[in-house]
Amino acid sequence: MTDLAHKRILLKLSGEALLGSEDYGIDAAVLRRIASEIRDVVELGAEIGVVIGGGNIFRGAGLARSGMDRVTGDHMGMLATVINALAMQDALEQFEMHARVMSALRINEVCEDYIRRRAIRHLEKGRVTIFAAGTGNPFFTTDTAAALRAIEIGADILLKATKVDGVYSADPERVPSAKQFSSIGYDQVLTDKLMVMDATAVVMCRDNDVPLRVFNLSDKGALERIARGESIGTLVSNDDRVVTND
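Analysis parameters
- Residues numbered from 1 in each chain as written.
- Predicted model: local features only at pLDDT ≥ 70, side-chain atom pairs only at ≥ 80, totals over all residues.
- Heavy atoms only, no water.
- Helix = DSSP H or I, 4+ residues; strand = E, 2+ residues; numbered from the N terminus.
- Rg over C-alpha atoms; globule rule 2.2 N^0.38 Å.
- Areas by Shrake-Rupley, 256 points an atom, 1.4 Å probe, with all protein chains shown as cover.
- Lys, Arg positive; Asp, Glu negative; His and termini not counted.
- Charge placed at Lys NZ, Arg CZ, Asp CG, Glu CD.
- Buried < 20%, exposed > 50% of the residue type's maximum accessible area, 1.4 Å probe, protein only.
- Arc of directions from axis to C-beta.
- Contact = heavy atoms within 4.5 Å.
- Axes fitted to C-alpha atoms, helices over the stretch in contact; angles between N-to-C directions.
- Parallel < 35°, antiparallel > 145°, perpendicular 65-115°, else oblique.
- Left-handed = near helix turned anticlockwise from the far one by under 90°.
- Nonpolar A, V, L, I, M, F, W, Y, C, P; charged D, E, K, R; others polar.
- Pairing = 2+ DSSP bridges.

1. Brief notes about the overall build of the protein
Across its full length, the protein holds eight helices and eleven strands. Here the C-alpha atoms of the protein give a radius of gyration of 17 Å, agreeing with the 18 Å that 2.2 N^0.38 yields for 246 residues. Summarising its shape, the C-alpha atoms of the protein cover approximately 50 × 50 × 35 Å along the three principal directions. Per element, the accessible surface of the protein, about 11700 Å² overall, is 48% carbon and sulfur. The average position of the 29 basic charges and that of the 35 acidic charges among the side chains of the protein differ by 3 Å.

Pasting the structure below:
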């Protein structure tokens, strides 16, 4: 292992991140680029777990607002995450990486059941472990699933890949004067209702002292630089000091 600041990493990807230039589904070029960046970090000696959302295929909460039963909609959303996880597994295997999909729902013909000890063993053996189907329960987001899995596997850090380069005091697209934070505390995120992750995920990370770094997925090589310890994007932690990029 070479000069890694974070040995075990949980990477949270939104389903929308896989859209790329497509209106629906998965952009193969984007999928391949993400897989190549994960490969680069694993080759440095890092252990990578991945949680992927399903918003590029299906959003249960959206249909629930249109009248569908929320539990049914959330189960459909969980299945969408399984599709994305299988696609990521295939992309990693094309780079000759070892990868395993572990689902919180039982789909034994397609992937493994999520078992914490087995997941940790996969990571220890250098296998990229992709956690699918959220927590396996309705009403919980994949943000919460990412926080839960990060805690369970003992991740050194939770990385959330987004379309923006960190956490801002307001939506930078609507408020050009919004300030970007280089670091901020979990309590401040909750108090100011900053849209970092849902509140349940934020509280879980805070209470279990798991640092979270939010960064731009389109920034090539950012994942490797973060693994090496570079301060990219915004660090959210139990350190209450607020630092902005003025």
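Let us keep going from here.
2. Digging into helix α4 (residues 116–124)
Every buried residue of α4 is accounted for by Ala119, Ile120, His122 and Leu123. Viewed along the axis of α4, the buried residues span an arc of 155 degrees, placing them on a single side of the element. For α4, the secondary structure elements touched by its buried residues are β1 (8–13), β2 (47–52), β3 (99–103), β4 (112–113), β5 (128–132) and α5 (142–153). Gly126, located one to two residues past α4, shows a positive phi value of around 85 degrees.

3. Some details on the side chain of His6
Along the chain, the position of His6 falls in the segment before β1. Beyond its immediate chain neighbours, meaning those up to four positions away, His6 contacts Ala46, Asp156, Ile157, Ile226 and Ala227.

4. A closer look at the packing of α5 against helix α7 (residues 199–207)
The interhelical angle for the contact between α5 and α7, taken along N-to-C directions, is 15 degrees, at an axis separation of 8 Å. In terms of their interaxial angle, α5 and α7 are classed as roughly parallel. When you trace α5 past α7, the crossing you get is left-handed. Facing Asp143, Thr144, Ala147, Leu148 and Ile151 of α5, the residues of α7 in contact are Thr200, Ala201, Met204 and Cys205. Tallied by class, the residues present in the contact of α5 with α7 amount to six nonpolar, two polar and one charged.

5. Things to note about the pairing of strand β6 (residues 157–162)
Burial analysis of β6 places six of its six residues in the buried class, which makes it a mostly covered element. Because side chains alternate across β6, one face comprises the buried residues Ile157, Leu159 and Ala161, and the other comprises Leu158, Lys160 and Thr162, equally buried. Both β1 and β6 contribute to a ladder of five bridges, which runs parallel. When the bridges of β6 are listed, Lys12 appears paired with Lys160.

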